[in-house]
Amino acid sequence: MNNPEPVVALVVAAGSGVRLGGAVPKALRLLDGEPLVLHALRRLAAGGIDRAVVVIRPDERERFDRALTDLERPTVDLVAGGAERQDSVRAGLDFLAEAVPTARIVLVHDAARPLVDPATVRRVVSAVAAGAPAVVPAVAVVDTIRQREPDGSSVGLDRSRLMAVQTPQGFDLDLLRRAHAAVAADGVGVTDDAGACEHLGTVVTTVPGSPTGLKITHRDDLVVAEALLRASTAAPSNTAAPSDQE
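Residues numbered from 1 in each chain as written. Predicted model: local features only at pLDDT ≥ 70, side-chain atom pairs only at ≥ 80, totals over all residues. Heavy atoms only, no water.

A word on the pattern of salt bridges. Counted under the stated rule, the structure contains 11 salt bridges. R178 is the salt-bridge partner of D174, the closest N and O atoms lying 3.2 Å from each other. Taken together, the positions of D174 and R178, both in helix 5 (residues 173-186) and four residues apart, correspond to about one turn of that helix. Within this structure, R57, D59, E60 and R63 form a network of salt bridges that share partners. (Salt bridge = Lys/Arg side-chain N within 4 Å of Asp/Glu carboxyl O. Helix = DSSP H or I, 4+ residues; strand = E, 2+ residues; numbered from the N terminus.)

Here you go:
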């Protein structure tokens, strides 16, 4: 990936993983014998990322140091996060302002998505480098979706217009800093970083994601991830952009 601008991945790994269970942070839960965060970082590196900031709980630095001991790429900095995801992202952005002042593009990735496709990473970076200020990978929704109404009824939605959003999400770094400052000042809660940018009126661009980019939330998700990992090692990777019609 011949990108002239410095690109840094900000990996959010401060979640406790209550729904997943266990005595360790979600990012350190094992998948095929290795922590989720290690899988994610290796795949970000395969997508062309050379430096990552991993935002963690302040009391977990020693565990993360041990988990990442043998990681060669990307170069990793550990940063203490906050109580909420937005706080953790802001902490990472504050660190970047001091540590990597030349960075212009940032990817924000959830450590709970350990099997991110390197081709997805490249698509996101390329779109931001080409001028899109906010980019998210997304896949078509295959289930029928209904919206629950306050009176207990439900309304069917047109799934052909719906997408499930994944990470890494890519941004012009200055935009993302301003967006997080704005949602903090306005007391607005957002579920992802693209939502923070939309609060400023920014148009969000989508690129194709990948079926392997699932988020680990429940124990069953680990079973699915194990199956996907075995399948990926048994067959050549297909790096072509998936069709929305698949």
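Here the focus is the UniProt feature "site: Positions MEP for the nucleophilic attack" (unreviewed entry) in the protein chain. Residues annotated in UniProt with the feature "site: Positions MEP for the nucleophilic attack" (unreviewed entry) correspond here to R159 and K215. Secondary-structure assignment places R159 in the loop between strand 9 (154-156) and strand 10 (163-165). Excluding residues that lie within four positions of it along the chain, R159 makes contacts with V141, V142, D143 and T144. Turning to its location among the elements, K215 is positioned in the loop between strand 12 (205-208) and helix 7 (219-234). The exposure class of K215 is partly exposed, given its relative accessible area of 36%. If we ignore the near neighbours within four places in the chain, the residues touching K215 are K26, D110, A112, R113 and D221. (UniProt positions renumbered as here; feature names shortened; annotations may be inferred. Contact = heavy atoms within 4.5 Å. Buried < 20%, exposed > 50% of the residue type's maximum accessible area, 1.4 Å probe, protein only.)

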